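Each chain is listed here by its residues.
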Amino acid sequence: MSLSVLITIDTELWCDGWKNLDAHFLDALKKYIYGKTPSGEYGLPFLLRVLNDNGLKATFFVEPLFALRFGLDPLAEIVGIILDAGQSVELHLHTEWVDEAKSPLFPGVIEKRQHISCFSYEEQVVLLHKSADLLGLAGAPRLHAFRAGNFGANFDTLRALSTLDICIDSSYNTNQPACEINLSPPIHQAKMVNDILEVPMTVFSDGIRRQRPMQITACSLDELITILNYALRARWRHLVLLTHSAEMLNESKTRKSSIVVRRFVRFCEYLSHNSGRFPTIDFRYPSLQPVEGEFFQLRCGVLPTLIRLVEQARVRLS
Ligand SMILES: [Zn+2]
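What this report covers is the structure whose coordinates are included nearby. Model, not experiment: these values are computed from the prediction. (Residues numbered from 1 in each chain as written. Predicted model: local features only at pLDDT ≥ 70, side-chain atom pairs only at ≥ 80, totals over all residues. Heavy atoms only, no water.)

A short note on helix α1 (residues 21-33)
Its maximal kink placed at aspartate 27, α1 deviates by approximately 40°. The set of residues buried in α1 consists of Leu21, Phe25, Ala28, Leu29, Lys31, Tyr32 and Ile33. Structurally, α1 contributes buried residues whose contacts are with β1 (4-11), β2 (36-37), α2 (44-53), α3 (67-70) and α4 (72-84). (Bend = angle between axes of the 7 residues up to and from the residue. Helix = DSSP H or I, 4+ residues; strand = E, 2+ residues; numbered from the N terminus. Buried < 20%, exposed > 50% of the residue type's maximum accessible area, 1.4 Å probe, protein only. Contact = heavy atoms within 4.5 Å.)

As structure tokens, then:
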């Protein structure tokens with residue numbers, strides 16, 4: 001019996017505000033992609049090294065719309081780093097960049113629209129085709145999967161994806177109010193929604209009955225490992241883990257977060273040592289199929305959550 005793990009890394013950069021973007025761009029690239037800190041780099045190259053040292057597969061959901069402002073070269077640089085490491089690139093999209101493009105995509109849009117669901121179906125088709133084209137021009141091979149920025153997708157997004165030949169979506173997240181793909185009952189395993197295979201972000205109920213996404217900064221190592229094992233026992237077929245290209249850094253992105261780095265490294269080591277029970281797959285893997293059966297949200301015990309609360313307090317105090 002095994003449970004496949006989909007490690008997903010949302011790869012994106014931000015200029016920490018929307019003023020003087022061009023002056024802040026190089027700094028943004030260093031921080032959000034390379035994870036540059038006074039004690040070394042903890043971004044993309046670090047994540048790729050840890051994944052590969054442990055023989056793990058991962059999917060990098062790369063945000064390409066920033067290239068409409070800053071050009072293709074930095075996007076090609078990002079795609080190249082990931083592909084050279086043998087990992088896969090899929091499509092992520094933050095529509096906050098739309099009104100910052102050098103040549104406007106939609107001349108009428110001059111304000112921030114935070115989610116793809118803020119756009120009409122026809123506009124979403126344009127956005128998705130444009131961003132997929134950008135990734136292709138930057139060297140990405142055929143795309144298979146999509147994740148909306150902030151998980152802010154709706155049913156129009158799924159329809160629009162069908163026009164691109166992207167047949168997998170990973171924007172469904174019951175812990176994100178921005179996600180407007182409302183399914184009743186909620187899903188926990190891959191399921192066909194219209195023509196698209198929806199692969200939900202794994203969300204569990206923690207030891208104090210709060211909803212937690214399976215995200216490196218949101219969970220203790222014990223919570224991550226407990227949920228993995230619960231999912232295996234509950235006969236889940238797969239589970240989705242989230243992190244970001246700059247998630248190993250502290251909130252203000254000025255230094256590394258030692259606790260988060262240690263957690264990520266140990267989690268990868270755990271998967272590596274238990275690869276028979278917990279193989280890692282990407283969205284190209286042919287066995288990523290709809291899962292039949294009834295599944296319920298997983299619940300974690302109290303102790304792993306208490307450990308996380310102590311760790312979070314230490315992060316805030318450090
Ligand atoms: Zn994102």
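Now that the structure has been shown, the text picks up again.
Considering the coordination of the zinc ion
Within the protein, the zinc ion binds to Glu12 (OE), His92 (NE2) and His94 (NE2); these donor distances fall in the range 2.0 to 2.1 Å. Each donor residue of the zinc ion belongs to the same chain, and together they define the spacing E-x79-H-x1-H. For the pair formed by histidine 92 and histidine 94, the shared burial category is buried. (Donors = N, O, S within 2.8 Å, 3.2 Å for Na, K, Ca; no water.)

Examining the packing of aromatic side chains
One pair of aromatic rings is described through two measures. These are the centre distance and the angle between the planes. Under the counting rule described, the total for this entry stands at 11 aromatic pairs. Ring plane angle 15° and centroid distance 6.1 Å describe the contact between tryptophan 14 and tryptophan 97, whose orientation is recorded as stacked. Of this pair, tryptophan 14 sits in the loop between β1 and α1 while tryptophan 97 sits in the loop between β5 (88-93) and α5 (121-137), placing them 83 residues apart in sequence. For the pair tryptophan 14 and tryptophan 97, one class covers both residues: buried. Site record: aromatic cluster; members linked through ring pairs are Trp14, Trp18, Phe25, Phe66, Phe70 and Trp97. (Phe/Tyr/Trp six-rings, centres within 6.5 Å; stacked < 30°, edge-to-face > 60°.)

Points about the packing of helix α8 (residues 258-273) against helix α9 (residues 302-317)
At a closest axis distance of 10 Å, the pairing of α8 and α9 adopts a crossing angle of 140°. On the basis of their axis angle, the class for α8 and α9 is oblique. For the pair formed by α8 and α9, the contact residues are Ile259, Arg262 and Arg263 on the first element and Glu311, Arg314 and Val315 on the second. The residue inventory of the contact of α8 with α9, partitioned by class, reads two nonpolar, no polar and four charged. (Axes fitted to C-alpha atoms, helices over the stretch in contact; angles between N-to-C directions. Parallel < 35°, antiparallel > 145°, perpendicular 65-115°, else oblique. Nonpolar A, V, L, I, M, F, W, Y, C, P; charged D, E, K, R; others polar.)

Here we look at the pattern of salt bridges
Two side chains that carry opposite charge are able to pair once their charged atoms sit near each other. According to the stated counting rule, one finds 14 salt bridges in the structure shown. Each of Asp22, Arg69, Asp99, Glu100 and Lys112 takes part in one network of salt bridges that share partners. (Salt bridge = Lys/Arg side-chain N within 4 Å of Asp/Glu carboxyl O.)

Notes on the pairing of strand β12 (residues 238-244)
A large share of β12 lies buried, amounting to six of its seven residues. Two elements, β1 and β12, share seven bridges in a ladder whose sense is parallel. Counted as the bridge partner of isoleucine 9 is threonine 243 from β12. (Pairing = 2+ DSSP bridges.)

Brief notes about empty space enclosed by the protein
Scanning all chains against the criterion turns up one cavity of 30 Å³ or more. Of the voids in this model, the largest cavity is the one considered here, and its volume is about 50 Å³. Forming the boundary of the largest cavity are Tyr172, Thr174, Ile187, His188, Pro200, Met201, Thr202, Val203 and Trp236. Here the residues of the lining of the largest cavity sort into six nonpolar, three polar and no charged. (1 Å grid on protein atoms, 1.4 Å probe; cavity = no way out; pocket = protein on both sides within 12 Å on 5 of 7 lines; lining within 4 Å. Points joined across faces, edges and corners; volume = space filled by probe spheres on them.)

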